[in-house]
There are 2 protein chains.
Amino acid sequence: MCTERTPRVAAARALTRRAGREKAGRFLAEGAQAVREALAHGRVHDVFATAAAAERHPDLLATASAAGVRVSEVTDKAADGLSETVSPQGLVAVCDLLDVPLETALAGSPALVAVLVGIADPGNAGTVTRVADAAGADAVVFAGDTVDPHNGKCVRASTGSVFHLPVARTRDVAAALAACRAAGLSPVAAHGYADADIHSSARHGGDLRRPTAWVFGNEAHGLDEATIAACDTALRIPIYGAAESLNLGTAAALCLYESARARAME
Amino acid sequence: MCTERTPRVAAARALTRRAGREKAGRFLAEGAQAVREALAHGRVHDVFATAAAAERHPDLLATASAAGVRVSEVTDKAADGLSETVSPQGLVAVCDLLDVPLETALAGSPALVAVLVGIADPGNAGTVTRVADAAGADAVVFAGDTVDPHNGKCVRASTGSVFHLPVARTRDVAAALAACRAAGLSPVAAHGYADADIHSSARHGGDLRRPTAWVFGNEAHGLDEATIAACDTALRIPIYGAAESLNLGTAAALCLYESARARAME
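- Per an unreviewed UniProt entry, chain A goes by TrmH family RNA methyltransferase and derives from Actinokineospora guangxiensis.
- Its UniProt record gives chain A the following Sequence similarities (unreviewed entry) comment, quoted word for word: "Belongs to the class IV-like SAM-binding methyltransferase superfamily. RNA methyltransferase TrmH family."

Structure follows, in structure tokens:
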């Protein structure tokens with residue numbers, strides 16, 4: 001039985017902080033769904049489970065053991081220390097970081113990519129990753145000072161999608177947009193004050209069937225002028241009622257699915 | 001200066017619970033945005049503000065006073081007791097309940113309505129209300145054992161939209177669907193396992209331009225079979241990638257905007 005003082009547990013605990021993740025090159029996938037996805041798609045070093053979690057998910061632990069992953073029982077207190085959520089699930093996997101170089105993520109003629117610029121809330125970043133995955137995107141780029149895709153709340157909100165498609169990180173937003181262009185993608189800014197909206201654009205022959213990199217900005221402040229100017233065009237979500245705006249997750253869903261829709265209708 | 005023991009504050013505190021709201025016929029709108037919307041669209045009895053909040057929002061308090069609303073300064077502790085959120089904003093309005101009878105909400109040939117069945121999370125219910133407002137819906141119906149639209153987290157997540165369009169409540173889901181039909185709306189179930197999806201439907205001439213009541217189910221369990229059977233059709237969101245599903249807010253946004261899109265393209 002491992003406690004919070006067991007060296008491997010103490011080392012894993014450091015992965016709840018970004019600096020600890022960067023140093024170790026590893027992160028934590030918490031909860032049955034994330035652990036399942038990690039075992040299917042990621043490189044997993046350790047699985048820690050409380051007695052209760054082990055009883056609930058014998059299949060998962062068997063899968064891990066069969067794959068040569070070390071499975072260790074931990075105390076409730078040790079499990080709490082490995083959790084980044086309000087209600088710890090008692091089950092966590094230690095995985096290699098997922099992100100790949102920008103050029104790798106954008107290799108192979110991508111048709112749809114989401115670029116996140118300055119997204120502050122890890123739950124939002126995870127939701128956009130999930131939506132991008134659902135819409136059939138080929139990659140997600142975490143650009144500028146966007147949160148870490150390996151943040152526990154981001155992994156959780158993505159419900160496994162961080163494992164499904166290539167994720168790249170770069171501090172340099174201009175470099176991200178340049179890489180998108182080099183990969184044949186047209187960068188389109190999702191911008192609440194754009195003149196054109198995704199429906200009027202479709203009505204007037206705007207072509208979201210072409211390879212598109214949707215660029216999404218900070219929840220509160222949106223995209224800065226330089227980033228908008230660096231895109232080929234800017235589009236907003238049309239508001240047909242009295243709402244002032246939409247939240248980032250729903251706005252990103254409508255943008256990415258408008259592209260998916262255009263391609264599906266071909 | 002009012003404290004938590006001042007009778008009006010104590011009475012307002014009872015409104016943080018559903019039973020208290022039902023008994024008094026009133027609810028709390030918390031935070032500057034919600035208070036502004038309440039003053040613009042609702043019937044407000046009291047505004048309580050801490051000294052700090054009064055200093056931040058003199059315009060709002062002036063608007064309230066000019067409208068004959070009683071404005072009272074409260075202690076931080078009293079304000080905390082009136083808050084349903086983790087970070088109390090020190091500003092709250094006591095308002096009359098917003099919901100109207102089902103027939104009133106559906107009066108006047110509605111073209112787009114959202115029906116929420118068994119939505120458990122108030123944040124989700126608020127997000128769907130916000131999205132329905134943005135998509136130009138004519139009303140939102142809280143049906144079955146869906147959370148109370150006046151729950152503080154729902155009001156907050158709606159970012160004012162609960163004040164923008166008629167909200168009705170009924171425990172009786174069959175009655176809600178019957179009322180939709182009587183109002184000329186075709187009930188369409190949003191159902192993750194439906195045969196047709198919103199894009200294939202559009203490709204094959206499915207007509208979301210006709211007046212539609214989108215019916216959304218519980219976050220975890222979706223809609224029950226009886227409710228799906230009581231709708232004219234069921235549609236899902238197409239998943240183009242590896243994601244298993246979408247969350248309720250993004251799924252509702254895609255459904256409601258598919259209807260808004262069909263009407264905008266006419």
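Remarks on the interface of chain B and chain A
Part 1 of the argument: Taken together, the contacts link 34 residues of chain B with 34 residues of chain A.
Part 2 of the argument: Together chain B and chain A conceal approximately 2,800 Å² of surface at their shared face, both sides included; 62% is due to carbon and sulfur atoms.
Part 3 of the argument: Counting every contact that joins chain B to chain A gives two salt bridges.
Part 4 of the argument: Note that R261(A) is salt-bridged to E258(B), the shortest N-O span being 2.6 Å.
Part 5 of the argument: Across the chain B-chain A interface, the total number found is 19 residue pairs in polar contact (both at pLDDT 80 or more).
Part 6 of the argument: Listing elements by their share of the side of chain B that touches chain A, those giving two or more residues are α8 (122–134), α11 (198–203) and α13 (248–264) of chain B.
Part 7 of the argument: If you tally residues by element for the side of chain B that touches chain A, the top one is α13(B), at nine residues.
Part 8 of the argument: The residue makeup of the side of chain B that touches chain A, split by class, is 17 nonpolar, eleven polar and six charged.

Brief notes about the sheet that holds strand β1 (residues 26–30) of chain B
Residues and elements named next belong to chain B.
Part 1 of the argument: The four strands are arranged β1-β4-β2-β3 in an open sheet whose pairing can be described as mixed. The two strands at the open ends of the sheet, each matched to only one other strand, are β1 and β3 (70–73). On average, adjacent strands in this sheet sit at an angle of 20° to one another, irrespective of strand direction.
Part 2 of the argument: Sheet topology places strand β2 (residues 44–49) next to strand β4 (residues 91–96); five bridges connect them, and they run antiparallel. Note on β4: the bridge partner recorded for D46 is V94.
Part 3 of the argument: Packing of helix α3 (residues 32–41) onto the sheet brings it into contact with β1, β2 and β4, and relative to β4 it is tilted by some 35°.

Some thoughts on helix α3 (residues 32–41) of chain A
Part 1 of the argument: For α3(A), the complete set of buried residues consists of A32(A), A34(A), V35(A), E37(A), A38(A) and L39(A).
Part 2 of the argument: In this fold, the buried residues of α3(A) make contact with β1 (26–30), β2 (44–49), α5 (58–66), β4 (91–96) and α9 (152–157) of chain A.

A look at the side chain of T170(B)
Residues and elements named next belong to chain B.
Part 1 of the argument: Considering the arrangement of structural elements, one finds T170 in strand β7 (residues 167–170).
Part 2 of the argument: Engagement of the side chain of T170 in a polar contact is seen with the backbone nitrogen of D172, the distance being 3.0 Å.
Part 3 of the argument: For T170, the contacting residues outside a window of four places in its chain are L102, V141, F142, A143, G144 and A176.

Overview of the relation of the copies chain B and chain A
Part 1 of the argument: Aligned on chain A, chain B shows an RMSD of 0.0 Å; the corresponding rotation is 180° and the shift along the axis is 0.0 Å. In short, the pair behaves as if placed about a two-fold rotation axis. Closest approach to the rotation axis within chain B is made by the C-alpha atom of T250(B), at a distance of 2.4 Å.
Part 2 of the argument: By residue overlap, the copies meet face to face through one surface: 100% of the interface positions of chain B are interface positions in chain A.

The rules we used
- Residues numbered from 1 in each chain as written.
- Chains lettered and ligands numbered in written order.
- Predicted model: local features only at pLDDT ≥ 70, side-chain atom pairs only at ≥ 80, totals over all residues.
- Heavy atoms only, no water.
- UniProt positions renumbered as here; feature names shortened; annotations may be inferred.
- Contact = heavy atoms within 4.5 Å.
- Buried area = accessible area lost by both parts, 1.4 Å probe.
- Salt bridge = Lys/Arg side-chain N within 4 Å of Asp/Glu carboxyl O.
- Polar contact = N/O pair within 3.5 Å; in protein donor to acceptor, adjacent residues only side chain to side chain.
- Helix = DSSP H or I, 4+ residues; strand = E, 2+ residues; numbered from the N terminus.
- Nonpolar A, V, L, I, M, F, W, Y, C, P; charged D, E, K, R; others polar.
- Pairing = 2+ DSSP bridges.
- Axes fitted to C-alpha atoms, helices over the stretch in contact; angles between N-to-C directions.
- Buried < 20%, exposed > 50% of the residue type's maximum accessible area, 1.4 Å probe, protein only.
- Least-squares fit on C-alpha atoms with pLDDT ≥ 70 in both.

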